[in-house]
Amino acid sequence: MPADNSHLIVAAARRRSTATRRRAVAALRRMDAAGTAITFETVAREAGVSRSWLYNQPDLRAEIERLRARHRVPATRPVPDRQRASDASLLRRLEAATKRNQQLEAENRELRETLALALGERRTADLPERHRDTPTKKSSSVIGPC
């Protein structure tokens, strides 16, 4: 009958488990100290363990969830109800913005026309007298419809 060596196998499994736990705890400490994003995936990669093993360790799982929640910053802070804009208020702001946009478009159109006239006058003034293509006198004869 072969000798019962099962106690050696159990001892080796305990050593592996202890080493795995040490790597996971050390990884968590390093990541927390460095401010690294802590998730099951990042801890598993850093420690060289599987995610399923981390999920099956209640104390490590709780610590990962605690650190993950602590490092999580909300993207936007909720606005209190009394500070939220009503639909009517938003509609008024949209109407005011639309009206201002129309005013600016009209102003731009007017400025473009004024600029075009000024540039035309400048061009005409810069040309020698014989090269001007704009007549100085109005023609008395008008060509009628064909």
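What counts and how
Residues numbered from 1 in each chain as written. Predicted model: local features only at pLDDT ≥ 70, side-chain atom pairs only at ≥ 80, totals over all residues. Heavy atoms only, no water. Helix = DSSP H or I, 4+ residues; strand = E, 2+ residues; numbered from the N terminus. Contact = heavy atoms within 4.5 Å. Areas by Shrake-Rupley, 256 points an atom, 1.4 Å probe, with all protein chains shown as cover. Salt bridge = Lys/Arg side-chain N within 4 Å of Asp/Glu carboxyl O. Buried < 20%, exposed > 50% of the residue type's maximum accessible area, 1.4 Å probe, protein only. Polar contact = N/O pair within 3.5 Å; in protein donor to acceptor, adjacent residues only side chain to side chain.

**Q** Quick question: what am I supposed to make of the overall build of the protein here?
**A** Secondary structure assignment for the protein yields five helices and zero strands. Helices (α) and strands (β) of the protein occur, in sequence order from the N terminus, as α-α-α-α-α. At a minimum sequence separation of 6, the contacts of the protein that also span at least 24 residues come to 49%. For the protein, the accessible surface area stands at approximately 12800 Å², while carbon and sulfur atoms represent 54% of it.

**Q** What is the right way to read the pattern of salt bridges from this model?
**A** Pairing of side chains with opposite charge becomes possible as their charged atoms draw close. Tallied over the entire structure, the rule returns eight salt bridges. In this structure, the salt-bridge partner of Asp-59 is Arg-21, at a minimum N-O distance of 2.8 Å. Within this pair, whereas Asp-59 is found in helix H4 (residues 58-71), its partner Arg-21 is found in helix H1 (residues 6-34), the two being separated by 38 residues in sequence. By relative accessible area, Asp-59 is classed as partly exposed at 45%. Between Arg-61 and Glu-65 there is a salt bridge; the shortest N-O distance is 3.4 Å. One end of the pair, Arg-61, and the other, Glu-65, are both in helix H4, four residues apart, so they sit about a helical turn from each other. On the accessibility criterion, Arg-61 (34% relative accessible area) is partly exposed. In the salt-bridge network here, residues are joined through shared partners; they are Glu-41, Arg-45 and Arg-51.

**Q** I'm lost on the side chain of Thr-42 in this one. Help?
**A** Along the polypeptide, Thr-42 turns up in helix H2 (residues 40-47). A polar side-chain atom of Thr-42 sits 2.9 Å from the main-chain amide nitrogen of Thr-39. Excluding its chain neighbours within four sequence positions, the residues that come into contact with Thr-42 are Met-31 and Ala-37.

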